[in-house]
Amino acid sequence: MTKVLVLYYSSYGHLEQMADAVAEGVRSAGAEVDIRRVPETAPPEVVKAAGFKADTAHPTIEGIAALANYDAIIIGAPTRFGRMPSQMASFLDQAGGLWLTGALNGKVGGAFTSTASQHGGQETTLFSIITNLLHFGLTIVGLDYGFAGQMGVKEVNGNSPYGATTIADGDGSRQPSSLELDGARYQGRRVAEVAIKLAA
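Parameters at a glance
- Residues numbered from 1 in each chain as written.
- Predicted model: local features only at pLDDT ≥ 70, side-chain atom pairs only at ≥ 80, totals over all residues.
- Heavy atoms only, no water.
- Helix = DSSP H or I, 4+ residues; strand = E, 2+ residues; numbered from the N terminus.
- Buried < 20%, exposed > 50% of the residue type's maximum accessible area, 1.4 Å probe, protein only.
- Polar contact = N/O pair within 3.5 Å; in protein donor to acceptor, adjacent residues only side chain to side chain.
- Contact = heavy atoms within 4.5 Å.
- UniProt positions renumbered as here; feature names shortened; annotations may be inferred.
- 1 Å grid on protein atoms, 1.4 Å probe; cavity = no way out; pocket = protein on both sides within 12 Å on 5 of 7 lines; lining within 4 Å.
- Points joined across faces, edges and corners; volume = space filled by probe spheres on them.
- Nonpolar A, V, L, I, M, F, W, Y, C, P; charged D, E, K, R; others polar.
- Pairing = 2+ DSSP bridges.
- Salt bridge = Lys/Arg side-chain N within 4 Å of Asp/Glu carboxyl O.
- Phe/Tyr/Trp six-rings, centres within 6.5 Å; stacked < 30°, edge-to-face > 60°.
- Lys NZ or Arg CZ within 6 Å of the ring centre and 35° of its normal.
- Expected span 1.5 Å × (residues − 1).

**Regarding the side chain of Gln150**
Residue position: Gln150 is located in the loop between strand E5 (139-140) and strand E6 (164-167). For Gln150, a relative accessible area of 10% translates into the label buried. Of note is the side chain of Gln150, whose polar atom sits 3.1 Å from the backbone oxygen of Asp144. Beyond its immediate sequence surroundings of up to four residues, Gln150 is in contact with Leu143, Asp144, Tyr145, Asn157, Asn159, Ser160 and Pro161.

Here's what the structure looks like:
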């Protein structure tokens, strides 16, 4: 069975919700999915002072070598000044050995993110993740326009053709909408479908 990894980092839980939705989409395509988060690198006193979400439903990934065990890797991380946060970057920076051996070549990848505002860096953050995945040799699947919900301006909507996104507001009070979660499910399904076809 095709195996998909949904790997994420979440400070306040928005990306955790999106990861769950992406995984639902993967399962709907008939693939097996694991949801893992990357290790927290911020000092405990910073985590506590900032009110980061400490409890999580998903285990921390076993290490960078685990990426080679999957046919597809979908990475979610919030924006930090228009790029992925240090927690995710630090984890991916350990992949030199996988890159050198070509262990990830030919796999399928995608990205999803969260920002505080509608113009808070969704697309540049997605591209910062996608750039890593391309260097690793992955074929990228975005949120294609088969998901028509990303078009229109009747409601706040973080989705983009480069990947599913949500908007959290500056204080983190806005939670992912049903439309944004549907986008995440759609992208998860599309990544899994492509991975299944390539594996065949």
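Here the narrative resumes, following the displayed structure.
**Describing the UniProt feature "domain: Flavodoxin-like" (unreviewed entry) in the chain**
UniProt records the feature "domain: Flavodoxin-like" (unreviewed entry) at residues 4-191, using the numbering of this structure. The distance separating the terminal C-alpha atoms of residues 4-191 is 9 Å; by composition the span is 34% helix and 16% strand.

**A word on the layout of surface pockets**
Empty space within the largest pocket amounts to approximately 320 Å³. For the lining of the largest pocket, the secondary structure elements donating two or more residues are helix H1 (14-28) and strand E4 (108-115). Here the residues of the lining of the largest pocket sort into seven nonpolar, eight polar and three charged. Here the second largest pocket is characterised by a volume of approximately 270 Å³. Gln118, His119, Gln122, Asn157 and Asn159 are the residues nearest the centre of the second largest pocket, which is lined by 15 residues in total.

**Brief notes about the pairing of E6**
Residues Ala164 and Thr166 line one face of E6 and the alternating positions Thr165 and Ile167 line the opposite face, and both faces are buried. In this structure, E4 lies alongside E6, joined through four bridges in parallel fashion. From the neighbouring strand, Thr115 faces E6, where its bridge partner is Ile167.

**Concerning the pattern of salt bridges**
Evaluated as defined, the whole model comprises nine salt bridges. With a shortest N-O distance of 2.9 Å, Arg189 and Glu193 are connected by a salt bridge. One end of the pair is Arg189 and the other is Glu193, both in helix H6 (residues 178-199) and four residues apart, which spans about a single turn. Looking at Glu193, the relative accessible area reads 23%, which means it is partly exposed.

**Quick notes on the packing of aromatic side chains**
The final tally for this structure, using the stated rule, is three aromatic pairs. Measuring from centroid to centroid gives 4.7 Å for Phe127 and Tyr162, while their planes differ by 50°, and the two rings are tilted. Taken together, the positions of Phe127 in helix H5 (residues 122-135) and Tyr162 in the loop between E5 and E6 put the pair 35 residues apart, joining distant regions of the chain. Look at Phe127 and you get partly exposed, because its relative accessible area is 39%. With relative accessibility at 32%, the residue Tyr162 sits in the partly exposed group. Sitting over the face of the ring of Tyr70, Lys3 holds its NZ or CZ atom 5.1 Å from the ring centroid.

**Let's talk about H1**
An α-helix turns once per 3.6 residues; consequently, residues spaced three or four apart project the same way. Its 15 residues place the ends of H1 22 Å apart at the C-alpha level, agreeing with the 21 Å of an ideal helix rising 1.5 Å per residue. Within H1, the full set of buried residues consists of His14, Leu15, Glu16, Met18, Ala19, Ala21, Val22, Ala23, Gly25 and Val26. On its buried side, H1 packs onto strand E1 (3-8), strand E2 (32-37), strand E3 (72-76), E4, E6 and H6. A positive backbone phi angle near 95° is found at Gly30, which sits one or two residues after H1.

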